Every structure is written in structure tokens, then in C-alpha cells.
Amino acid sequence: MANSPKTFVFLDLETTGLKGDLPKITEICLVAVHLSSLENRVTDEAGQLELPRILDKMCLCVDPGKPITSYASEITGLSNNNLVKNEKQDFNPCLVHIINEFLSRQAQPVCFVAHNGFLFDFPLLKTELQKQEGTSLTSSLLCMDTVEVFKFLDMQVGIRRESRDYAQAQIYRRAYRKPPQNCHNAEGDVLALIMIFLSKADQILEKETMSNNCMRWGEISPMYG
DNA sequence: TGCCAGGCCCTCTTTAGGGCCTT
């Protein structure tokens, strides 16, 4: 990899449903962490890893303009009714501008990180962006999927991938011996994602792991549309 | 009519089937 990322932007989307529903985004959360905070980790008095103090955070709710499935509504707490009542805007050029400005404030290059990102978050975000004429993210932006990264790291030490559960909550439990908090709230999921990244940060940041597990934004195909 | 993801990976595979991971 020619240029190693200086900033990792952890990403989570809440949506109206899964792929079969041609989902739309109901909430987006981005949290940027500088490389130095991932390399120089902070622990509490008990020696437990802590979130870095310096975080740039952005969470926005979005009116999807289509029905949210009952299960998605139940787990995320977002309904068509409460999004409309709170007068949330749809996924529009203004939101794309905000995302771009958020990214441009970070030390470059930037790497997106999402759990199952290659199959869900990145393709769906690309679909939503493609609907907005004249808007895009820089194609040189890097993307990493922590499902693939954790499988890669396990394989390196001889753990067979089919012998483990790679759901984010399970990886969190293995690392911290307790369940993550605020699941299916975009910010809660992103903070848990940062914590699982921190638990293996040294290995993830190795050149071999990065070069084997990163794609460029330009290589991501839209989910649909 | 009723049902409905899907690309990827694994293995008791390859003329196939099943599970994963996200909301």
C-alpha cells in the first residue's frame, strides 16, 4: 500500500431493512480516530482499554422515504413516524456535502472501517450517493471490513474461520468478556466497532494486514440501483 | 400462489448445499 492511512473513520448505518428490501439509510454515524490514538492506546486503572478522548463524531438521522420494516424499526428504535415527526431530512446533497467536509477535516489519507462493510455498509452508502447527482466521495478513500480483517487475523494463527462467530457483538464479547452497549444505535455500534479494532490494533495496522484487507472506494460496487 | 438478499466461503465439494453477516 503506497500511502498508509493517517485517519480511520469508523462507520455504521441503520437502515430500513436488509438487501432484499432494497434498503435505505435511516441513520449514519461516522467517528474519526487518528492513527496516533490507535497506536498509543489508553487503559483505565484496571488495565482495560478505553476509547480515545480525541474523536470527531457525526451522527445524523435520515428520513428514508420508504417504509421501515417492523424488525428494523424494533431494533433501531427508528420509525417512519418518529423520523417524520422530528422533521428529519432525506438523504440529500447537503448530507453528502457534510460527509465530504467531515472527511476533508481529517488527516489524509482516510480509511473507512465498517463491520461487514464490503457486503453491506459501503455498497449501500454508494447506492445512496449515486442517487445524488454531481456528488461523490473521493475514489482514493480506503475501505476496510472488520469481518474480513478478524477472519484474516485468525487464519494467520491457525484458527479456522468456520469455527468462530464473527458477528460484531461476539467479537466484542471475546475481547472484553462482556456484551457491547447500545447495539443497533448507530453511535453505539460504531463505538463498539472502535473497541474491537483497538483490541487487535497492532495486528490490524501491520502492513500485511492492511494490504490484504483494504479496498479503494472506487472499487466498491453499489448495492442496487 | 407464495416466496423473496446475496456474494462469499467452506466442505462430508466440484453434476451441491449450507451458513454467514449486515438492518
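- Going by the annotation in an unreviewed UniProt entry, the name recorded for chain A is exodeoxyribonuclease III, with Leptobrachium leishanense given as the source organism.
- According to UniProt, the comment filed for chain A under the heading Cofactor (unreviewed entry) is "Mg(2+)".
- Under the Sequence similarities (unreviewed entry) heading, UniProt states for chain A: "Belongs to the exonuclease superfamily. TREX family."

## Focus on the pattern of salt bridges
Thinking step 1. Applying the stated rule across the entire model yields two salt bridges.
Thinking step 2. Close ionic contact of arginine 41 with aspartate 202 constitutes a salt bridge, the shortest N to O distance being 2.9 Å. Taken together, the residues arginine 41 in the loop between α1 (35-39) and β3 (42-43) and aspartate 202 in helix α9 (residues 201-204) connect sequence positions 161 residues apart.
Thinking step 3. In this structure aspartate 202 comes out as partly exposed when scored by relative accessible area, which is 44%.
Thinking step 4. We note a salt bridge from lysine 57 to glutamate 187, for which the minimum N-O separation is 3.1 Å. With lysine 57 in strand β5 (residues 56-61) and glutamate 187 in helix α8 (residues 186-199), the pair connects residues that are 130 residues apart, well separated along the chain.

## As for the protein's contact with DNA strand B
Thinking step 1. In the neighbourhood of DNA strand B, 25 residues make up the surrounding shell, with Glu14, Gly20, Arg160, Glu162 and Tyr166 lying closest.
Thinking step 2. At a separation of 3.4 Å, a phosphate oxygen of DNA strand B approaches a polar side-chain atom of aspartate 12.
Thinking step 3. Note that a sugar or linking oxygen of DNA strand B is positioned 3.0 Å from one of the side-chain N or O atoms of asparagine 116.
Thinking step 4. Breaking the surface near DNA strand B down by element, the ones donating at least two residues are β1 (7-15) and α2 (70-76).

## A closer look at the environment of leucine 198
Thinking step 1. By the secondary structure assignment, leucine 198 is in helix α8.
Thinking step 2. In this structure leucine 198 comes out as buried when scored by relative accessible area, which is 2%.
Thinking step 3. Between the alpha carbons of leucine 198 and valine 110 there is a distance of 17 Å; along the sequence they are 88 residues apart.
Thinking step 4. Once you skip the residues sitting within four places of it in the chain, leucine 198 turns out to touch Ser37, Leu38, Arg41, Leu49, Glu50, Leu51, Pro52 and Tyr176.

## Structural notes on the packing of aromatic side chains
Thinking step 1. Summed over the entire model, instances satisfying the criterion amount to six aromatic pairs.
Thinking step 2. Relative to tryptophan 217, the ring of phenylalanine 112 has its centre 6.0 Å away and its plane inclined at 70 degrees; by these criteria the two rings are edge-to-face. Here phenylalanine 112, found in strand β6 (residues 110-114), pairs with tryptophan 217, found in the segment after β8 (214-216); they are 105 residues apart in sequence, far enough to count as distant. As far as the burial class goes, phenylalanine 112 and tryptophan 217 line up, both buried.
Thinking step 3. Look at tyrosine 172 and tyrosine 176: their rings are 4.9 Å apart centre to centre, the planes differ by 45 degrees, and that puts the pair in the tilted class.

## Remarks on the pairing of strand β7 (residues 142-145)
Thinking step 1. Residue alternation in β7 divides its side chains into two sets, Leu142 and Met144 and Cys143 and Asp145, and both sets are buried.
Thinking step 2. Strand direction decides the pairing type here: β6 and β7, joined by four bridges, are parallel. Opposite alanine 114, over in β7, you have aspartate 145 as the bridge partner.

## Examining the packing of helix α7 (residues 168-176) against α8
Thinking step 1. Put simply, α7 and α8 touch, their axes get as near as 10 Å, and they point 50 degrees apart. It follows that α7 is oblique to α8 by the angle criterion. In terms of crossing hand, the pair formed by α7 and α8 is left-handed. Facing α7, whose interface residues are Gln168, Ile171, Tyr172, Ala175 and Tyr176, α8 presents Asp189, Ala192, Leu193, Met195, Ile196, Leu198 and Ser199.

Quick notes on the rules
- Residues numbered from 1 in each chain as written.
- Chains lettered and ligands numbered in written order.
- Predicted model: local features only at pLDDT ≥ 70, side-chain atom pairs only at ≥ 80, totals over all residues.
- Heavy atoms only, no water.
- UniProt positions renumbered as here; feature names shortened; annotations may be inferred.
- Salt bridge = Lys/Arg side-chain N within 4 Å of Asp/Glu carboxyl O.
- Helix = DSSP H or I, 4+ residues; strand = E, 2+ residues; numbered from the N terminus.
- Buried < 20%, exposed > 50% of the residue type's maximum accessible area, 1.4 Å probe, protein only.
- Near = heavy atom within 4 Å.
- Polar contact = N/O pair within 3.5 Å; in protein donor to acceptor, adjacent residues only side chain to side chain.
- Contact = heavy atoms within 4.5 Å.
- Phe/Tyr/Trp six-rings, centres within 6.5 Å; stacked < 30°, edge-to-face > 60°.
- Pairing = 2+ DSSP bridges.
- Axes fitted to C-alpha atoms, helices over the stretch in contact; angles between N-to-C directions.
- Parallel < 35°, antiparallel > 145°, perpendicular 65-115°, else oblique.
- Left-handed = near helix turned anticlockwise from the far one by under 90°.

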